[in-house]
Amino acid sequence: MGPMKKIFILHGWTRSTEKWQQFIRLAKKAGLNPILLRIPGLTKKTNKTWTLSDYVEWLRKILDQENKKAIVVGHSNGGRIAIAFAAKYPKKLEQLVLINSAGIHHNEFPIRLKRLIFRAIAKIGKKTTSSEKLRSLLYKAARETDYKNATARMKKTMASLISVDLTFQLSKITTPTLIIWGKLDKITPLSDGKLMHRLMKNSKLCVIEETGHSPHHTHAKKVSEKILSGIGKS
């Protein structure tokens, strides 16, 4: 028996990897070697503000250590990084898996409002109680607990990442891609997955019913089976 096939996992905007544990156990049981990467600023400490380009180069340095093309799985913001990487370094990838990926720029009113709120928060000083109360109200209005709980550097990082529209990069991606989407996702809607599938010529879309933004957690067995059956296939 040869070495287990590695899959590099880029988690989403979270400081915990708990939701990946069942998937990782199932992947190992199926004969894969899942490597959950610690993303700077989230599950790995950092002392700087990151841009999407920074994350792409960070991933390149990791994959440069491999002696063959890599399989990369990206969820949500991890998918955003994976898309940007695949567009820039297609020769470094054997396969790409996107799970409820971020990267499509939206300009609907709720999204525009959220950006305005983020900018308003950034302008508020940190010294007064009234400012703290105002920030809390703005966070609540934006419905962004992740942003509220982030450090000052990571708030700037998040603002930088969500400002990038990867829509026009999708058609450049030639890597065989499996797109997995929870149908009930209210964070990255299914319409985003369908658009990615339409623009990425070498892609397959798999919709998982009755789940939302994290099918790798709620339907770990089904997701692991889809990835396992898709590896090595275009």
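Residues numbered from 1 in each chain as written. Predicted model: local features only at pLDDT ≥ 70, side-chain atom pairs only at ≥ 80, totals over all residues. Heavy atoms only, no water.

> So, the sheet that holds strand β5 (residues 177-182): which residues are in play, and what are the values?
Strands sit in the order β2-β1-β3-β4-β5-β6 across an open sheet of 6 strands; the sheet is parallel. Two strands lie at the open edges of the sheet, namely β2 (32-37) and β6 (203-208), each paired on one side alone. When the angles between neighbouring strand axes are averaged without regard to direction, this sheet yields 20°. Pairing geometry for strand β4 (residues 93-99) and β5, over 4 bridges, is parallel. When the bridges of β5 are listed, L96 appears paired with T177. Of the strands in this sheet, β1 (5-10), β3 (70-75) and β4 are in contact with helix α3 (residues 77-88), which crosses β4 at around 150°. (Pairing = 2+ DSSP bridges. Helix = DSSP H or I, 4+ residues; strand = E, 2+ residues; numbered from the N terminus. Axes fitted to C-alpha atoms, helices over the stretch in contact; angles between N-to-C directions. Contact = heavy atoms within 4.5 Å.)

> Tell me about the packing of aromatic side chains, and please be specific about residues and values.
Ring pairs (aromatic) are described by centroid distance and by the angle formed between their planes. In total, this model carries 4 aromatic pairs according to the counting rule given. Seen from their ring centres, W20 and F23 are 5.4 Å apart, and the 80° between their planes marks the pair as edge-to-face. Classification of W20 as buried rests on a relative accessible area of 3%. Where W50 meets Y55, the ring centres are 4.8 Å apart and the plane angle is 25°; that geometry is what we call stacked. (Phe/Tyr/Trp six-rings, centres within 6.5 Å; stacked < 30°, edge-to-face > 60°. Buried < 20%, exposed > 50% of the residue type's maximum accessible area, 1.4 Å probe, protein only.)

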